[in-house]
Structures are given as C-alpha cells and as structure tokens.
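Here is what each chain is made of, one letter per residue.
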Amino acid sequence: MTAEEMKADGAPMEGADITPKRDEGVLKVVKREGSGTESPMIGDKVTVHYTGWLLDGTKFDSSLDRRDKFSFDLGKGEVIKAWDIAVATMKVGEICRITCKPEYAYGSAGSPPKIPPNATLIFEIELFEFKGEDLTDDEDGGIIRRIRKKGEGYSKPNEGALVEIQFEGRYGDRVFDRRELRFEIGEGDNYDLPHGLEKAIQKMEKSEESVFYLKPNYGFGSAGKEKFQIPPDAELQYEVKLKSFEKAKESWEMNTDEKLEQSCIVKERGTQYFKEGKYKRAALQYKKIVSWLEHESGLSDEEDTKARSLRLAAHLNLAMCHLKLKEYSQALENCNKALELDSNNEKGLFRRGEAHLAVNDFELARGDFQKVIQLYPSNKAAKVQLVTCQQKIREQHEKEKKMYANMFQRLADKDLKSAAALQTSHTEDAEMKDEQNGVEDKSEVDTEA
C-alpha cells in the first residue's frame, strides 16, 4: 500500500469509531467479512497476520513478510491499545484496516527507530483463530475461561475466601442451575458446585463476568449429578459474575493463637469430609494445618505441644486420604512426616506398611507391620497384613525360582543346540573332505586310462 493509495482510499479519515470513549482514536474498516457469530474475549489467545504503515505509506512491520503468524493474549496489555480494542471486534477470517491515533499506539515516545513520536499508524489485520485461557495447573484444557467483562483491581479470592456469585450452569443447550450464592471457597461441594468451578472462581477479579468450560474431570466426573440430570463424563459450561469476596487470612497474616484455633476448625471439617467419602476435600483441609504450623517458631511449650499434635494428626489423616485415593507416593511421604514427629506412632507405621504393600514393596511392608506388632501386640489388623506380606513374599520367591529355572533351562537348551550345531558342522566338513578326496582319485584314474 503506497502513500498515494492510502490517500485515494481515504484510510486515515474513514472507518467506524470502535473506541469505548468514542473519541475516534481507533477507526476500523472491514476489508473482508469473517465467519461465525463469536468474537474474541479478554484473555483469549488470538492468532493474526498483520502489516503496519506510517501515514506516508512507509511499511514498518509485517508478519506476512516474515511468514510467521503472531499470537498474543487479548486485553492483557501485551500489544498497543488499538489492537486490544480492534481484535476484540473481529470474527475468524475477517480482514480489517484500522487507523489509530498516537494515544492508542506508541504515544509521544514512539518506537525508535521505525516509529517516530506522536505517529498515527495504519494496520491491516487478519484474524485466524482464538481460544480461551487454560486455567489448569497442568494446562490440560480442563478449565477454559473466556472473560466477557474485565473485573476490578488485581486481588482474587483464595482458599477459604467468602465469595458472592451470580451464575448459570449449562449442559448442552439446557440450563440446569441458576442461582445467586454466598459461600466459602472449599465448601462448594456442599452447594452442588463442581470443584473445577471453585478453582476457576479463584482466578477471578471483583465484578468480573466470565464463561467457563469444564471437562468432565473438573465437573461432575464419571458419577454425573442426578440432582441436575447430568450424565457421567459430561462437559459443562458456567457463566459467572463475581459480585464480591472477602479473602481468607493468609498464614503470614495470622498470629500463633489464630493458626492453632483455625487448625482445630479445619481438622474437624476435614474429618467430616473424610466420613462423607470426600477425600480430596478432606486432604485440602489437612494441608492447611501443615502450611500454617510446619514452620511456626517461637512457640511456648504448651503451644509447641499443641502444634505438634495437630501436625501429626494432619499428616496421618493426609496419609489415609492418599491411601483411599490410591496416591501411594504421597501417602508414604505423609507417613514419613508423621514418623519424624513420633517415630513409634502406631497409625504412621501401619499406614506406611499399607502404602508399601500397595506398591508391592513386600519386604518394607513386612518390616513396618512387624514393628507395629512388636510395639502394639494387640493390633490384629497388623497381624493380618503381616500374614499377607509373608504370603506375597513366598509367592514372589516361587515366581523368581521358576523364572530363574526357566532361564537356566533356556540357557542349557541353547548350549545343547549350539553343541549339536557345531557337531553337525564338523560332520558336514568331514563328509565334504571325503568327497573332495574321491574326486581327486577319480581324476587321476581317468588320466592314466
């Protein structure tokens, strides 16, 4: 695009004003219509091609020339303001031209050496795709957020925060849940909220309005939700507005008395969850105790005794939760932590034995169960598990004997085959030599004749 073409096209003067302030800071002309009905939302990862010019027609940048599409997170300040505004109005496949004043581009500073101060810029942009923000720790696509309306400030709810939300849950085209709710993060299960939604709410800002897409393992999982007629392994969609929240106190904000008091409260809450079979929820409560008290210092003797007792209970209960969830390495870790606090703890030794047994470490398991019986002779469960261990060890030894016997037999058979092959080779060599000698004798006879 030359300067003459720009002037002829009227680019600097034409276009719809798409700025929120309607100050003509960004003017847009659609060069090719896109497809579909949706446009990108704040936080979406968008992929575009673009070319940029100064008003005199000088091209200063182009992804097309580099043959490399450009991606960025919309509405996060990663690009100039004009781009965040313009791309949010586009559809996939659309090509548009935008004219942006300096305050929506690089301002009075410019971007040396190519863009001078106070420069009005022209861009042609083509939108290829956009996708929502992945909120999961493992980036497995299990929780996708699309922000309809950006929130206020930077603060977000934490575990234990009291939140007030307005939401609508959808399965396919059907709305199955619509409520206004005030609850504590971590207690959502009591209000029929999937754990993935609670995790998502912790990423929101006050007054934010977002759409969340939950995969089954972040929704109601393989069980579904009979109350809402949600079948197993269903993908869900929630539209949520975070109206307000009060953050729970962080560890560094609490004094020792508060930490001990709160630890007792969450211990009881965790025990209730455990009794209801909600092992992940229970584990979250016990982990709070560890995080609050593990590195607490300067305690009185009385406080230290209470803190050690709470930490011991937390690790023992965490071990039990992880055993129920078949997370054996984490169960072992918590048993070891408990045994650091009390080396002869009956539950710690027994649960560690169970974890070892579950991963077929029969010798280690036997050692733990033997120690339990030595210290606590009346523990019948340990005696039963010890018998199981001994049986497993015998089975393992028998299996190994058979395996080694078979191995040695295969080696012996291989040696016999090798010897037989060698003998056959020697025999064939001898026969061949006799044949060669016979040929030589016959040749001599023929010559003499």
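Shown above is the structure to which this text applies.
Throughout what follows, the structure given in this document is the object of discussion.

Once that is clear, we can look at the overall build of the protein. From N to C terminus, the protein includes 11 helices and 13 strands. When burial is assessed residue by residue, the protein has 40% of its 449 residues classed as buried. Of the contacts formed within the protein by residues at least 6 apart in sequence, a portion of 63% connects residues at least 24 apart. Element-wise, carbon and sulfur atoms account for 48% of the exposed surface of the protein, whose accessible area totals about 25600 Å².

In spatial order, the strands read β8-β9-β12-β13-β10-β11; together these 6 strands make up an open sheet with antiparallel pairing. Strands with a single pairing partner mark the edges of an open sheet, and in this sheet they are β8 (133-134) and β11 (174-184). Pairing of strand β9 (residues 143-149) with strand β12 (residues 209-214), which is carried by 6 bridges, proceeds in the antiparallel orientation. Across the sheet, the residue bridging to Ile-147 is Ser-210, located in β12.

Contact geometry of helix α6 (residues 279-293) with helix α7 (residues 301-324) gives a least axis separation of 9 Å together with a crossing angle of 150°. Judged on the interaxial angle alone, α7 and α6 are roughly antiparallel. Viewed along their axes, α6 and α7 form a crossing whose handedness is left-handed. Contacts from Tyr-279, Ala-282, Ala-283, Tyr-286, Lys-287, Ile-289, Val-290 and Leu-293 of α6 reach α7 at Ala-307, Leu-310, Arg-311, Ala-314, His-315, Asn-317, Leu-318, Cys-321 and Lys-324. Classifying every residue of the contact of α6 with α7 by side-chain character gives 12 nonpolar, 2 polar and 3 charged.

As for its position among the elements, Glu-126 is in strand β7 (residues 121-131). The buried category is assigned to Glu-126, whose relative accessible area is 18%. At a separation of 2.9 Å, a polar atom in the side chain of Glu-126 contacts the side chain of Arg-32. Beyond its immediate sequence surroundings of up to four residues, Glu-126 is in contact with Arg-32, Thr-47, Val-48, His-49, Met-90, Glu-94 and Ile-95.

With 29 residues, the main nonpolar core has Trp-83, Ile-98, Cys-100, Leu-121, Phe-123 and Ile-125 as its most contacted residues. Listed by contribution, the elements that provide at least two residues to this core are β3 (45-54), α3 (81-87), β6 (95-100) and β7. If we ignore the near neighbours within four places in the chain, the residues touching Ile-98 are Val-26, Leu-27, Lys-28, Ala-82, Trp-83, Ala-86, Leu-121, Ile-122, Phe-123 and Ile-125. By size, the runner-up hydrophobic cluster in this structure holds 27 residues, among which are Leu-135, Phe-176, Leu-197 and Ile-201.

The rules behind the values
- Residues numbered from 1 in each chain as written.
- Predicted model: local features only at pLDDT ≥ 70, side-chain atom pairs only at ≥ 80, totals over all residues.
- Heavy atoms only, no water.
- Helix = DSSP H or I, 4+ residues; strand = E, 2+ residues; numbered from the N terminus.
- Buried < 20%, exposed > 50% of the residue type's maximum accessible area, 1.4 Å probe, protein only.
- Contact = heavy atoms within 4.5 Å.
- Areas by Shrake-Rupley, 256 points an atom, 1.4 Å probe, with all protein chains shown as cover.
- Pairing = 2+ DSSP bridges.
- Axes fitted to C-alpha atoms, helices over the stretch in contact; angles between N-to-C directions.
- Parallel < 35°, antiparallel > 145°, perpendicular 65-115°, else oblique.
- Left-handed = near helix turned anticlockwise from the far one by under 90°.
- Nonpolar A, V, L, I, M, F, W, Y, C, P; charged D, E, K, R; others polar.
- Polar contact = N/O pair within 3.5 Å; in protein donor to acceptor, adjacent residues only side chain to side chain.
- Core = buried A, V, L, I, M, F, W, Y, C linked by side-chain atoms within 4.5 Å.

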